[in-house]
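Spelled out from the first residue to the last, the chains are:
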Amino acid sequence: MKNIIIFILIIFLFPIFLPAQELPIWSEPEPVMYWDYEDSLRHLGAYNFFISENEQHLFVRWGWEGYYYPRIDTCYGCEDLYVLHKLPDGNWSSPKNLGENINNTYCIDGMALSPDLKEIYFSQWNPYTGWDLFWSTREDTSCDTCWAPAEFFPDSLLIGTGSIHFPTMSKDGLILFLQGTGPSAILVRDSIDGDWRRSYDIEFPTGGATYGFTINAEMDECYFQVNHDIAYRKKVDGEWLPWVNLGEPISTSDYLEASPEISFDGQTLYFFRSYYGVYVSYRLNKINCPLNDNNENVQIKINLHTVKINIDRKYTGMVYFYDVTGRVVYYNMGNNIKIKTDNL
C-alpha cells in the first residue's frame, strides 16, 4: 500500500519539477493569400510553406481546381508548388507555378528547400508506390521555372520509411527530416553541396509523426500541427519539453490551423487557416525600455529591422512588447498611453 501511494504521488508531482515552458507571444494574424468562404470551396488549401531567409520569397503547396474540377492552365495537377514574391509596396505577388519539371498530373504534398533556394525536395503521389520523395535543382534563383526535371530521391537512404509526406530542412540546409506513413528518417550532410547520409543520433523534434513541422535556426524551438491547432515545443538544457498548444491568436476553436513555417530569424510565423488562406503573425518581444534623461530617440535593432522609438522621459523604464515590424502592440502601462513607433 505504501508503494502504491508513493507511485501515485510521483505521477502527480512529477510535472511540477519539469522546466517551465514560456510560450512565445504572437500578433493578430494577417492574411497573405486570402479568399472568401464561397470561393474557398474550390480550393484544397494552401498547405506547406517555405519562406526564404530575406523573407522576399514564399513557396506554397497550393490546391486548385485540378482534383475535383477541370484543370486550369496554371495548374498541372490537383496540388502544385507555387512561389510568391514580396513586391516593393510590401504586398505579395500572385502565385506563380514552378513549372512542369516540378508539377505534373500527380498531387504534391510536403516540400522543403535549401537556404540558397537551389534545391527543392518534395513528396509526390505515385499510383504504384504511394507517396515518393523527389528532388530537383536550379542554378538561376531568379527564374521560378528553371528547375531541372525532378528525380526520385535515392531509395538506399529511405529504407524502412514507407511513404514520405512531409520533408523539413534545417535552416542551415544540413539536416533533412522526413515524415511518412512508416518510421521517420533523418538525413544529414557536412556542407550545402555535400552528399546525404542517414543519421540515427538526432532526436526528432516533434516526438513523432505529424502533418509537417518547422524548426528555428538555433534548433531549439519547433512548431507543428496537432489535430486542428498549432503546437509549440522548446528544447531546454538539451531536452525537448512536452509540446503545448500555442493558443490564441494562432490556434482558434473556429478554424483549422496547419502547416506552420517559421522565418530564419524566428520572428515571423506563416500558417494555413481554413477556409480563408495563408496567414502571417509576428512574434512579440518583451524589452525593458532604457532610461533616457535627454528625451532622445532610442535605437533598437530587431533582427532584419531597425526601429526608432520616440519615448517621452516620463514613460521610460517600463516594459512593453513590439513585433518585428516595429509596431508596439502592447505595453505595461496603467494609463494606456500609446507610444509612437516609426520604421527607419
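From a predicted model like this one, the values you see are computed outputs, not experimental measurements. (Residues numbered from 1 in each chain as written. Predicted model: local features only at pLDDT ≥ 70, side-chain atom pairs only at ≥ 80, totals over all residues. Heavy atoms only, no water.)

*Asks:* Run through the overall build of the chain, naming residues and quoting values.
*Replies:* Secondary structure assignment for the chain yields two helices and 27 strands. Out of the 344 residues in the chain, the part that is buried amounts to 50%. Put simply, the chain shows about 17,700 Å² of open surface, and 52% of that area lies on carbon and sulfur atoms. (Helix = DSSP H or I, 4+ residues; strand = E, 2+ residues; numbered from the N terminus. Buried < 20%, exposed > 50% of the residue type's maximum accessible area, 1.4 Å probe, protein only. Areas by Shrake-Rupley, 256 points an atom, 1.4 Å probe, with all protein chains shown as cover.)

*Asks:* Any chance you could break down the nonpolar core for me, citing the residues and the numbers?
*Replies:* Within soluble globular proteins, side chains that are nonpolar generally end up buried alongside one another. Within the largest apolar cluster, 17 residues are counted, with the highest numbers of intra-cluster contacts made by Val 32, Met 33, Leu 58, Val 60, Leu 84, Trp 92 and Tyr 270. Sorting the residues of this core by element identifies strand S2 (30-34), strand S3 (45-51), strand S4 (57-63), strand S5 (79-85), strand S20 (256-262), strand S21 (268-274) and strand S22 (277-288) as the ones contributing at least two each. Look past the residues within four positions of Val 32 in its chain and what remains in contact with it is Leu 58, Leu 84, Trp 92, Tyr 270, Val 278, Tyr 279 and Val 280. One finds Leu 81, Ile 102, Ile 120 and Phe 134 within the second-largest nonpolar core, a separate group that totals 15 residues. (Core = buried A, V, L, I, M, F, W, Y, C linked by side-chain atoms within 4.5 Å. Contact = heavy atoms within 4.5 Å.)

*Asks:* Now, about the packing of aromatic side chains: what can you tell me, with residues and values included?
*Replies:* Counted under the stated rule, the structure contains 14 aromatic pairs. Relative to Tyr 223, the ring of Trp 26 lies with its centre 6.0 Å away and its plane at 75 degrees, an arrangement referred to as edge-to-face. Placement of the pair is Trp 26 in strand S1 (residues 25-26) and Tyr 223 in strand S16 (residues 221-226), with a sequence separation of 197 residues. The same class applies to Trp 26 as to Tyr 223, namely buried. Ring-pair connections join several aromatic residues into one group, and the members of that group are Tyr 121, Trp 135, Phe 153 and Trp 196. The residue whose ring lies beneath Lys 171 is Phe 264, and the NZ or CZ to ring-centre distance is 5.0 Å. (Phe/Tyr/Trp six-rings, centres within 6.5 Å; stacked < 30°, edge-to-face > 60°. Lys NZ or Arg CZ within 6 Å of the ring centre and 35° of its normal.)

*Asks:* I'd like a rundown of the pattern of salt bridges, residues and numbers included.
*Replies:* Per the counting criterion, the structure on display carries eight salt bridges. Its salt-bridge partner being Asp 190, residue Arg 197 comes within 3.2 Å of it at the nearest N-O pair. Where salt bridges share partners, they join Glu 221, Lys 234 and Arg 283 into one cluster. (Salt bridge = Lys/Arg side-chain N within 4 Å of Asp/Glu carboxyl O.)

*Asks:* Can you break down unusual backbone geometry residue by residue, with the values?
*Replies:* At the junction of Glu 248 and Pro 249, the peptide bond is cis and its omega measures out at 0 degrees in the coordinates. Mapped onto the fold, Pro 249 is located in the loop between strand S19 (244-245) and S20. One non-glycine residue, Asp 237, adopts positive backbone phi at about 55 degrees. Tracing the sequence through the fold places Asp 237 in the loop between strand S17 (229-236) and strand S18 (239-240).

*Asks:* A description of the sheet that holds strand S8 (residues 119-126) should follow, citing residues and the corresponding values.
*Replies:* Read across the open sheet, the four strands follow the order S7-S8-S9-S10; overall the sheet is antiparallel. The open sheet terminates on both sides in strands that have one partner only, identified here as strand S7 (108-113) and strand S10 (151-152). By the bridge criterion, eight bridges tie S8 to strand S9 (residues 130-137) in an arrangement that is antiparallel. Across the sheet, the residue bridging to Phe 122 is Phe 134, located in S9. (Pairing = 2+ DSSP bridges.)

*Asks:* Describe the environment of Val 280, listing the residues and the values that go with them.
*Replies:* Assignment of secondary structure puts Val 280 in strand S22. On the basis of relative accessibility, which here comes to 6%, the residue Val 280 falls in the buried class. Separated by 19 residues in the primary sequence, Val 280 and Glu 261 place their C-alpha atoms 9.4 Å from one another. Residue contacts for Val 280: discarding those within four places in its chain leaves Glu 28, Pro 29, Glu 30, Val 32, Thr 268, Leu 269 and Tyr 270.

*Asks:* Can you explain the side chain of Glu 261? Please cite residues and give values.
*Replies:* Following the sequence through the fold, Glu 261 ends up in strand S20. Reaching out from Glu 261, the side chain makes a polar contact with the side chain of Thr 214 at a distance of 3.4 Å. The contact partners of Glu 261, leaving out residues within four places of it in the chain, are Phe 49, Phe 50, Ile 51, Lys 171, Thr 214, Thr 268, Leu 269 and Tyr 270. (Polar contact = N/O pair within 3.5 Å; in protein donor to acceptor, adjacent residues only side chain to side chain.)

*Asks:* Go over the side chain of Ser 170 with me, naming the residues and quoting the values.
*Replies:* For Ser 170, the location among the structural elements is in the loop between strand S11 (164-169) and strand S12 (175-180). For Ser 170, a relative accessible area of 3% gives the class buried. Of note is the side chain of Ser 170, whose polar atom sits 2.6 Å from the side chain of Asp 172. For Ser 170, the contacting residues outside a window of four places in its chain are Ile 175 and Met 219.

*Asks:* Any details on the confidence of the model for the chain? Residues and values, ideally.
*Replies:* For the chain, per-residue confidence averages 74 on the pLDDT scale, and residues scoring 70 or more make up 65% of the total. Ignoring residues within four places in sequence, the model shows residues 295-321, a span with pLDDT below 50, making 90 contacts including any to other chains. (pLDDT = per-residue confidence, 0-100.)

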